[in-house]
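# Examining the three-dimensional arrangement
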Amino acid sequence: MQPYLFPYIGYYQLIAAVDRFVIYDDVNFIKQGWINRNNILVNGAPYRFTVPIQSVSSFVAINEVLVDPRAYPAWREKFLKTLTQAYAKAPHFQGTMELVQRVLDPSATHVVQLARSSVEAVSDHVGIPTTVIPSSSTYGNNALKAQERILDICRLEGAAHYINAQGGVDLYDRVTFKEHGFNLSFLQPVISAYPQGKSAFVPGLSIIDVLMFNSQEKVRAMVMDTQLN
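So, a few notes on the structure that sits alongside this text. Quick caveat: nothing in here was measured; it's all calculated off a predicted structure.

Here we take up the packing of helix H2 (residues 72–87) against helix H3 (residues 93–103). Where H2 meets H3, the closest approach of the two axes is 11 Å, and the angle between their N-to-C directions is 165 degrees. With respect to their mutual orientation, H2 and H3 come out roughly antiparallel. Handedness of the H2/H3 crossing: right-handed. Of the residues in H3, those touching H2 at Arg76, Phe79, Leu80, Leu83, Thr84 and Tyr87 are Phe93, Met97, Val100 and Gln101. Partitioned by chemical class, the residues of the contact of H2 with H3 number 7 nonpolar, 2 polar and 1 charged.

Right, dumping it as structure tokens:
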């Protein structure tokens, strides 16, 4: 999966479902995607936050995209204030704020640092033991494309079972995977409602929202609640 910034809980359910999770960081950056942005809850409605990056085309690899050094410090300060105003009364505000502050390293130079750190920090926080591997530093097969590269990664990992998000149903073929010796499954995310203060439940927000309102033990149970098709 591409590295996303504080992604929604379904992303962590996918991490929890596997032994080794490959962050696809050397494929093209997608503008208007989730690599450098997500949603939190402000006044009962989704609020989009976006880490500022330097001007980039869709032909630049994710791991090459730079954080805007001029805009990032002010953005970071403003975003942390927004979180404080929105979640100060949430039951797990303090621990979640400390985690967010650590992830949003003031000295970060590349957006992939922030995205990968958010994935690993939250996984550690709730006790997901999965190993996270960046595709750019491991496989040396980025000349391959699409399904062929996934199959090669599975081969290099000695995998028996490849699990992808539900959106991969139209991209990957079970018969082809089976011919190469791999089982193929797709994860259907389970989005359970939880109290969000006085607001009606808004699903699919950043994991930040989940952490603000739920204990580490509860979040771990939520990410372990997965369905494979």
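So much for the structure itself; the text now carries on.
On to the side chain of serine 135. With respect to the helices and strands, the residue serine 135 is situated in the loop between strand E4 (131–134) and helix H5 (146–157). Relative accessible area serves as the criterion here: at 1%, serine 135 is assigned to the buried category. Side-chain polar atoms of serine 135 contact the backbone nitrogen of aspartate 25, separated by 3.2 Å. Here aspartate 26 takes part through its side chain, which lies 2.8 Å from a polar atom of the side chain of serine 135.

Before going further, it helps to examine unusual backbone geometry. Its identity is not glycine, yet glutamine 32 carries a phi of approximately 65 degrees, on the positive side. Examined against the element boundaries, glutamine 32 turns out to sit in the loop between strand E1 (20–23) and strand E2 (37–42). For glutamine 32, a relative accessible area of 63% gives the class exposed. One non-glycine residue, asparagine 43, lies in the positive phi region at around 55 degrees. Along the chain, asparagine 43 turns up in the loop between E2 and strand E3 (45–50). Relative accessible area serves as the criterion here: at 81%, asparagine 43 is assigned to the exposed category.

Counted according to the given criterion, the structure contains 12 aromatic pairs. Here the aromatic cluster, defined as three or more aromatic residues joined through ring pairs, consists of Tyr4, Tyr11, Tyr12 and Phe21. Note that arginine 37 overlies the ring of tryptophan 34, its terminal NZ or CZ placed 5.5 Å from the centroid.

Along helix H1 (residues 9–16), 8 of the 8 residues are buried, which leaves the element largely enclosed by surrounding structure. Among all positions of H1, only Ile9, Gly10, Tyr11, Tyr12, Gln13, Leu14, Ile15 and Ala16 are buried.

A few words now on H3. Spacing of three or four residues puts side chains on the same side of an α-helix, whose turn is 3.6 residues. Those residues of H3 not exposed but buried are Phe93, Thr96, Met97, Leu99, Val100 and Val103. Seen from one end, H3 has its buried residues packed into an arc of 160 degrees, which puts them on one side. Buried positions along H3 lie against H2, helix H4 (111–126) and helix H7 (207–213).

What counts, and where the lines are drawn
Residues numbered from 1 in each chain as written. Predicted model: local features only at pLDDT ≥ 70, side-chain atom pairs only at ≥ 80, totals over all residues. Heavy atoms only, no water. Axes fitted to C-alpha atoms, helices over the stretch in contact; angles between N-to-C directions. Helix = DSSP H or I, 4+ residues; strand = E, 2+ residues; numbered from the N terminus. Parallel < 35°, antiparallel > 145°, perpendicular 65-115°, else oblique. Left-handed = near helix turned anticlockwise from the far one by under 90°. Contact = heavy atoms within 4.5 Å. Nonpolar A, V, L, I, M, F, W, Y, C, P; charged D, E, K, R; others polar. Buried < 20%, exposed > 50% of the residue type's maximum accessible area, 1.4 Å probe, protein only. Polar contact = N/O pair within 3.5 Å; in protein donor to acceptor, adjacent residues only side chain to side chain. Phe/Tyr/Trp six-rings, centres within 6.5 Å; stacked < 30°, edge-to-face > 60°. Lys NZ or Arg CZ within 6 Å of the ring centre and 35° of its normal. Arc of directions from axis to C-beta.

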